[in-house]
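Coordinate analysis (summary)
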Amino acid sequence: MSKDGHLLAAGSGDKTIKLWSLPKGEVLTTLTGHTEGVTSLAMSPDGRLLASGSWDETTKLWALPAGELLTTLTEQYLSVSSLVISPDGSLLASGSRDTTINLWTLPSGELLPTTLMGHPAGVTALAISSDGHLLASGSEDKTIKLWSLPKGELLTTFTGHPAGVTVLAMSPDGHLLASGSEDKTIKLWALPAGDLLATLTGHSDSVNSLAITPNGELLVSGSADKTIRLWSLPQGGLKTCLMDLQASPKEAEGIQYKDKDAHGQWVTYTLPCGSPIPSGAVCTCNCVPGSWTAPVPSKPTPAPAPPRSSPGGSYTIHYWYPN
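1. Regarding the sheet that holds strand 11 (residues 111-116)
The sheet built from 4 strands is open, its strands ordered 8-9-10-11 with antiparallel pairing. Each edge of the sheet is formed by a strand with only one pairing partner; in this case those strands are strand 8 (80-85) and strand 11. With strand direction ignored, the average angle separating the axes of adjacent strands in the sheet is 20°. Where strand 8 lies against strand 9 (residues 91-96), 5 bridges are found, and the strand directions are antiparallel. Bridged to Ser82 within strand 9 is Gly95.

Okay, here's the thing in structure tokens:
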């Protein structure tokens, strides 16, 4: 998406890229030229250039919004799996399944002499700090490496994920890095030292997308488990989770989650939309946070607790707020 929010680019396995106007969502043009599926996209801060990576082992540069093909970059030997453009728009980093990271000048597309090597498996994710001095790379080798720019010196390697790293996001101030993994977790790291700050759990499948809000206070994660979760930063507390109202039953009026009580029984809680969910609880949300707008008193009134069932049983507690 362009920085002004007026243009959206979407790459597809059908080998094309579509440009959409926002907020109307009209298709402006379709970019063709890749001979295999499109795997990654990066847009320049000024919204005038789009880089696209593909299974065809190339990176293409396109002029925006017209979609004119400017050049094709061909120095990597397996699919281009990740792209990122520096905040000043002068540098493109491309990560490949061939384990390398190439650096290119923009808009010319000239390959710089420094190729970053060190990952023993494919590079799957890249992120650049807001000052353009740090590049983070995630890999199928389960590690994250931190490099200096533009020299490309390896500064440190972060270890901790027991499975491949799928996605990275860096905070606007450059002090925090979030990493998502096939291990279903998100890890928060201090930069540049690389200290592990927190491991966020809750997703039940691979984490495949991350974004940090411009104020650096909120992390959004998307997963193959079909949910989106919101986390506060820098602590990493789970704020709530989101589900599509269109896919929810008509009677859905609140957020539901399951958690164990002091007796080890699973209890299902139903609360008004927007209510917080404890970290570690199993979320079965059925509304969008904030859609409940009635006034909230200081304490909810619980329904009478049902008799405790035998160990391993479960029951439901509903909270409501009097008018």
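2. Describing the confidence of the model for the protein
Taken over all residues, the pLDDT of the protein has a mean of 83, while the share at 70 or more is 78%. Within the model, pLDDT remains below 50 along residues 286-323, and this stretch shows 66 contacts once partners closer than five positions in the same chain are excluded.

3. Thoughts on the pairing of strand 5 (residues 49-54)
The two faces of a sheet get side chains in turn, since along a regular strand they alternate between them. Judged by how many residues are buried, strand 5 sits mostly within the fold: 6 of 6 residues are covered. Residue alternation in strand 5 divides its side chains into two sets, Leu49, Ala51 and Gly53 and Leu50, Ser52 and Ser54, and both sets are buried. Pairing of strand 4 (residues 38-43) with strand 5, which is carried by 5 bridges, proceeds in the antiparallel orientation. Note on strand 5: the bridge partner recorded for Ala42 is Ala51. The loop that links strand 4 with its antiparallel partner strand 5 comprises 5 residues; one of these, Gly47, has a positive phi angle of about 70°. Where strand 5 and strand 6 (residues 59-63) come together, 5 bridges link them in antiparallel fashion. Looking at the pairing, Gly53 lines up with Thr59 of strand 6. Here strand 5 folds back onto strand 6, and the loop between the two strands holds 4 residues, one of which, Glu57, carries a positive phi near 75°.

Cut-off values and rules
Residues numbered from 1 in each chain as written. Predicted model: local features only at pLDDT ≥ 70, side-chain atom pairs only at ≥ 80, totals over all residues. Heavy atoms only, no water. Pairing = 2+ DSSP bridges. Helix = DSSP H or I, 4+ residues; strand = E, 2+ residues; numbered from the N terminus. Axes fitted to C-alpha atoms, helices over the stretch in contact; angles between N-to-C directions. pLDDT = per-residue confidence, 0-100. Contact = heavy atoms within 4.5 Å. Buried < 20%, exposed > 50% of the residue type's maximum accessible area, 1.4 Å probe, protein only.

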